[in-house]
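Each chain, letter by letter, is given below.
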Amino acid sequence: MNIVYDFLVLVHLLGMATIVAGVVLRLAAPNGPSGMVLVAGAGAQVITGFALTGIASAGLVDNDINHTKIAVKLGVAVIVLVLAHILQRKPKGTAQGLFYALAGFTLLNVAVAVFW
Ligand code: HEM
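Bear in mind that the values here come from a model prediction, so they are computed numbers and not experimental data.

A. Representation of the layout of surface pockets. The calculated volume of the largest pocket comes to roughly 720 Å³. H12, L52, I70, K73 and A113 are the residues nearest the centre of the largest pocket, which is lined by 29 residues in total. Elements represented by at least two residues in the lining of the largest pocket include exactly α1 (2–28), α2 (34–57), α3 (67–89) and α4 (96–115). For the lining of the largest pocket, the element with the most residues is α2, which contributes 8 residues. Counted by class, the lining of the largest pocket contains 17 nonpolar, 9 polar and 3 charged residues.

In structure tokens, the structure reads:
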């Protein structure tokens, strides 16, 4: 099960990279196709995060789960996912506030993952 877990961690990190790529893409090219990138990355984070938590909570890998931390991460990740969906439907170049909120919440989740 360790190999499955490690593979999910890899996809989890690639999902984070996908959100960051979507943010950078939108900053560099406001009219570019960043909406779908943000939705894909945010969706990947929620799905892989759930799978990682399930495997670790079931005791299938030797990794203690801090459920308070996971609850915070899940709440923040759902906000990021909702913002990504809203941004995808907004006309390009609008809703800058929501965009910066998405970037900030993503960074917050990285900080929670690393420092908590
Ligand atoms: C925007 C959303 C998210 C971001 C940016 C993010 C980021 C990260 C990062 C950078 C790590 C690696 C940290 C480390 O190994 O020290 C990590 C690990 C982890 N994340 Fe997330 N995460 C997100 C959402 C979630 C969600 C929603 C869940 C659970 C429902 C979750 C569960 C986990 C778990 C269990 C690990 C531990 C993997 C391990 O090292 O064993 N994450 N996350």
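B. Structural detail: the nonpolar core. Core analysis: the largest hydrophobic core is formed by 16 residues, its most contacted members being I19, V23, L38, A42, V80, A84 and L102. Listing elements by their share of this core, those giving two or more residues are α1, α2, α3 and α4. Setting aside anything within four residues of it in sequence, one finds V23 in contact with L38, F99, L102 and A103. Core analysis: the second largest hydrophobic core is formed by 6 residues, L8, I55, A56 and V61 among them.

The rules behind the values
- Residues numbered from 1 in each chain as written.
- Predicted model: local features only at pLDDT ≥ 70, side-chain atom pairs only at ≥ 80, totals over all residues.
- Heavy atoms only, no water.
- 1 Å grid on protein atoms, 1.4 Å probe; cavity = no way out; pocket = protein on both sides within 12 Å on 5 of 7 lines; lining within 4 Å.
- Points joined across faces, edges and corners; volume = space filled by probe spheres on them.
- Helix = DSSP H or I, 4+ residues; strand = E, 2+ residues; numbered from the N terminus.
- Nonpolar A, V, L, I, M, F, W, Y, C, P; charged D, E, K, R; others polar.
- Core = buried A, V, L, I, M, F, W, Y, C linked by side-chain atoms within 4.5 Å.
- Buried < 20%, exposed > 50% of the residue type's maximum accessible area, 1.4 Å probe, protein only.
- Contact = heavy atoms within 4.5 Å.

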